[in-house]
Amino acid sequence: VTAFLLATCGVYARNEVYIVEFHLYGALFQTGVKLKRLLAIAIFGSVYAGIAFLAQSSNAAVPADSVDVMTVEPATTRAGFLRFTDSTLTEAVYAPGLSSRLTNAVDGPTVRAALAELLSRSEGEWVDAVVYTVQHDADPAVREAAVVGLKRATWSAVESTLLAAITDEDAGVRAMTAMTIGAHPEGANATLALVSSLTDTDSDVRAMAARSIGWVGAVDAFSALPALLDDASADVRLRALRAMRTLDPVATSRASQLSSLKTDADIRVSNLANKINE
Amino acid sequence: MNTTKRILLGSILATLVIGCGDDTAGTTVPEVTIKSFLEGMDEVVAGIANIDDDNSNGKEDWKDGGDVAGENDLVEFTFPAQILAMLGDGELLRVTLVGGQSVRAWATSGDLMLEGASGLTTLEWMSGDGEQTLHIEHDYFLSEAKLKLEHVGAAGGVFTRRNLRLVAGPLILNNHLMPSEDTWVMKVTSWGGNTQMIDSFSSVLGNRFHEISQNAYGSDVWVQDEIEFATSSGPNGHRVDVVVDLIRDRGLDPFPENELEGPDMAVMVWGSGNASSQDSGGNLEITPPFTDADGIEYPFGRIYYGEWSYGNSTTTMHNDLTTFMEEQKVQDPFTLDTSFLCVGHVDEFMTFVPDSTAPRGFRLIMSDVDMAYEILDAADPNISLSRYNSGHGFSDVGEIIEDNALRQLNNEIQEDYIDTTIATLRSTMNLSDEEIVLIPALFETVSQCYDTNAALIPGTANLIVGHDADGALELFIPDPFMRTNENDYASDLMIPAFEAAFPAEANLNWVDDWDVYHMGLGEVHCGTNVTRTPTTNWWTEALHFLD
């Protein structure tokens, strides 16, 4: 038995971006196989590369003042992290190139995070690339940035990704996922996941989950919130109390912890508790 | 020595003339006349810190150690010949410098006359010495020494004594009621460019507007954040401008040294090490002058800056700077909670603008979420918003108002932070309802910045207060772009509310800061910096802080 490998290479340009694709084909055959089988494999590879090239070239027309999406650099925001601020980059025509740049991890994590943010504002097809990033990017900061953008995607396209990301090994990703679920118009579908996150070991995750339960109007989850009013984290207490007020103001005004929260060390908590009691 | 400062003693000399005529015993009583002269002197001899580099030798002038050529920061203190002529035989006027480690005095000839560190602490002037002039020099803000003036009799007894305070001016950060002078913005060609913004400033301010090179300073567009302008002033209109060079130290770090430092403009740094976002000029602002509820007058306003709280920790400006600002006494700093903001600067959601029709000459401009929703809820939801589509993913008004999470987020911001800030400012500044003007604002959570936020509608409070060459009030305001046709300002949903909010005397200049600044989490104010003219004398208006 002999192993055989065939590699094909396709080079094409789009938007002044040169893309190189490699395809590797393997075959396992016995000695004595005729040459025409090898030729068939080679032809198959070449056709595949050609189709890939044509598919890429058939996208929407590229503007005359097009941007080289593979090299365009983000700006440094006032906060210090990177962001693509040029509005033209959100045009649909740039989405494939930007998606490729993101998923192929051409850049370092700070640029990938900026790419994920940019794509979530794109008028083109971007969801697959950002979903892929949430699922596969090695850097948690990139996954964290990417997951926030999923609030703009359809629920069916991101549900499984969000439900997985809320159990991500990184607490920041879990917190941002909980927040994204709350910001999504159909986030109520993930109420159970949010309730589970109320007991997360990380206070940021608990806070975001509590807030999102209020945001999505998950009345059935109300009973899970009062326990968080005793949380050591002021953010958790604040978000839980506000969610309770949103879901059931009357029941909230009767919460046993309310009197102590009126004098909470955190002014936001004490202000809110006093308002509820008014 | 080329000095410029002179303490006016006209009123004192007038007293002297009257005193000379009071000779009831038929003989002159010189100690009484000298006494009246001494007692008539102002207790505080105001000076300024000699921290600039007037002779451009690369050294702070105080450190020149006698090289005072071209110097213009010494206060001239003159003792008239007529007074000295009244000294009797063997009598003298003894001048003693007490506590003068940071204050010294030069003769007009350039000779060092008084300096505590050198042991030169006493001068003695006698009748016939003629007019005596001392040129007082201070090494730092609020440096102080005592100048003891004694009329000493021939037998060594002291007839009369007068203690004066030699005080250098505090460093005073500029507020928006001070007329603007020069304005700087970086001209940018990247990221969509800022041509309209540059043109707007340039056309209104003319040659008092200056472009900063993008290439020279690493495309760091945040001119407000790298530096804060301040002044230290003395008698006769003299002043030293000070660039408070913040430790942020991004691309613009060398800008003040390269472009601003020189005679009458010093660059100074407080703090070192890693900077947080809070260590930025946009997070360092000053209220207009006011009197608080307890009757305490703040003729230079008060400094305010943001704090970013997370859990049990608080991040704010570097302790060296906040301590220094507290030590300056006259602008007693206070903090505001900016934890809801990704950038975390106070200029992102509030400011003060001059308004001659306001009770105290200014109004607080404060972001208000409820007002924004009132406007949007009443608008046609089908109004398309191209800028918001590309920048924030909202293609029309309907998408904004129907975003339940966005509405709840903004309600939280209003309740937890904006209302709290207003309450703080009311109590701190004794603000009345009439002095508070609300403007529509919405915020959204920013990716890569945890759950913190930035302006969704360009932060209109994040504006520049300027004055044209004729002194007219010019406001440079971020264009909200809440309209379909970008060229049709009249159709904008937000602009009418802003026009009603801002003072009628102001010219409103709508600035397109969208790509470079707004999408970079800042606005017009963040990308601009301004020098201003001091209009108040600390030595007459703020001595109650210096006693």
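Treat the numbers as computed from the prediction; the structure is a model and nothing was measured. (Residues numbered from 1 in each chain as written. Chains lettered and ligands numbered in written order. Predicted model: local features only at pLDDT ≥ 70, side-chain atom pairs only at ≥ 80, totals over all residues. Heavy atoms only, no water.)

A. Inspection of the sheet that holds strand S23 (residues 362–368) of chain B at higher detail. Residue and element names in this part refer to chain B. One open sheet accounts for three strands, arranged S22-S23-S24; its pairing is mixed. Where the open sheet ends on each side, the last strands, each with one partner, are strand S22 (350–354) and strand S24 (436–440). Here the average twist between neighbouring strands, direction ignored, is 30°. Here S23 runs beside S24; their pairing, made up of five bridges, is parallel. Each residue of the ladder has a partner; that of isoleucine 365, found in S24, is valine 437. Contacts between helix H11 (residues 404–429) and the sheet are confined to S22, S23 and S24, with S23 contributing the most and set at about 165° to the helix. (Pairing = 2+ DSSP bridges. Helix = DSSP H or I, 4+ residues; strand = E, 2+ residues; numbered from the N terminus. Axes fitted to C-alpha atoms, helices over the stretch in contact; angles between N-to-C directions. Contact = heavy atoms within 4.5 Å.)

B. Spatial organisation of the packing of helix H8 (residues 369–377) of chain B against H11 of chain B. Residue and element names in this part refer to chain B. At a closest axis distance of 9 Å, the pairing of H8 and H11 adopts a crossing angle of 150°. As far as their axial angle goes, H11 and H8 are roughly antiparallel. In this structure, H8 uses Val369, Asp370, Tyr373 and Asp377 to contact H11, whose residues at the interface are Leu406, Arg407, Asn410, Asn411, Gln414 and Ile418. (Parallel < 35°, antiparallel > 145°, perpendicular 65-115°, else oblique.)

C. Structural context of the packing of aromatic side chains. Residue and element names in this part refer to chain B. Applying the stated criterion to the full structure yields 26 aromatic pairs over all chains. For the ring pair tryptophan 270 and phenylalanine 324, a centre distance of 4.2 Å and an interplane angle of 25° mean the geometry is stacked. Of this pair, tryptophan 270 sits in the loop between strand S15 (265–268) and strand S16 (284–286) while phenylalanine 324 sits in helix H7 (residues 319–327), and the two are 54 residues apart along the sequence. The exposure class assigned to tryptophan 270 is buried, which follows from its relative accessible area of 10%. Pairwise contacts between aromatic rings join Tyr140, Phe141, Trp270 and Phe324 into one cluster. Above the ring of tryptophan 62, the side-chain terminus of arginine 104 is found at 3.7 Å from the ring centroid. (Phe/Tyr/Trp six-rings, centres within 6.5 Å; stacked < 30°, edge-to-face > 60°. Buried < 20%, exposed > 50% of the residue type's maximum accessible area, 1.4 Å probe, protein only. Lys NZ or Arg CZ within 6 Å of the ring centre and 35° of its normal.)

D. Region of interest: the confidence of the model for chain A. Looking at chain A, the pLDDT average stands at 85 and 77% of residues meet or exceed 70. Contacts from residues 12–19 of chain A, a stretch scored under 50 in pLDDT, to residues over four places away or in other chains number 25 contacts. (pLDDT = per-residue confidence, 0-100.)

E. Region of the structure containing helix H13 (residues 267–277) of chain A. Turning to H13 of chain A, its buried residues are Arg268, Val269, Ser270, Leu272, Ala273 and Ile276 of chain A. Looking at the packing, one finds that the buried side of H13 of chain A touches helix H10 (234–247), helix H11 (249–253) and helix H12 (258–261) of chain A together with H11 of chain B. Its side-chain oxygen at 2.8 Å from the backbone nitrogen of arginine 268 of chain A, aspartate 266 of chain A defines the N-terminal cap of H13 of chain A. (Polar contact = N/O pair within 3.5 Å; in protein donor to acceptor, adjacent residues only side chain to side chain.)

F. Region of interest: the layout of surface pockets. In this structure, the largest pocket occupies an estimated 720 Å³ of space. Lining the largest pocket are 38 residues, with Asp235, Asp266 and Arg268 of chain A together with Ser309 and Tyr417 of chain B sitting closest to its centre. Only helix H9 (203–215), H10 and H13 of chain A together with strand S19 (303–310), strand S21 (334–337) and H11 of chain B provide two or more residues apiece to the lining of the largest pocket. No other element matches the eight residues that H11 of chain B contributes to the lining of the largest pocket. (1 Å grid on protein atoms, 1.4 Å probe; cavity = no way out; pocket = protein on both sides within 12 Å on 5 of 7 lines; lining within 4 Å. Points joined across faces, edges and corners; volume = space filled by probe spheres on them.)

G. Quick look at the packing of H10 of chain A against H13 of chain A. All names here are of chain A. Where H10 contacts H13, the axes come no closer than 9 Å and their chain directions differ by 20°. Classed by the angle they form, the pair H10 and H13 counts as roughly parallel. Where H10 crosses over H13, the handedness of that crossing is left-handed. Between H10 and H13, the residues in contact are Ala234, Asp235, Arg237, Leu238, Leu241, Arg242 and Arg245 and Arg268, Val269, Leu272, Ala273 and Ile276, respectively. Per-class residue counts for the contact of H10 with H13 are seven nonpolar, no polar and five charged. (Left-handed = near helix turned anticlockwise from the far one by under 90°. Nonpolar A, V, L, I, M, F, W, Y, C, P; charged D, E, K, R; others polar.)

H. Region of the structure containing the interface of chain A and chain B. With 44 residues of chain A at the interface, the matching set in chain B holds 45 residues. Buried area between chain A and chain B, summed over both chains or domains, comes out near 3600 Å², and the portion from carbon and sulfur atoms is 45%. The tally of links between chain A and chain B comes to eight salt bridges. For glutamate 415 of chain B, the salt bridge goes to arginine 245 of chain A, with nearest N and O atoms at 2.9 Å. In this assembly, chain A and chain B are joined by 27 residue pairs in polar contact (both at pLDDT 80 or more). When contributions to the side of chain A that touches chain B are tallied by element, the ones reaching two or more residues are strand S3 (75–76), strand S4 (82–83), helix H3 (109–119), helix H5 (140–149), helix H7 (171–183), H9, H10 and H13 of chain A. Partitioning the side of chain A that touches chain B into residue classes produces 18 nonpolar, 11 polar and 15 charged. (Buried area = accessible area lost by both parts, 1.4 Å probe. Salt bridge = Lys/Arg side-chain N within 4 Å of Asp/Glu carboxyl O.)

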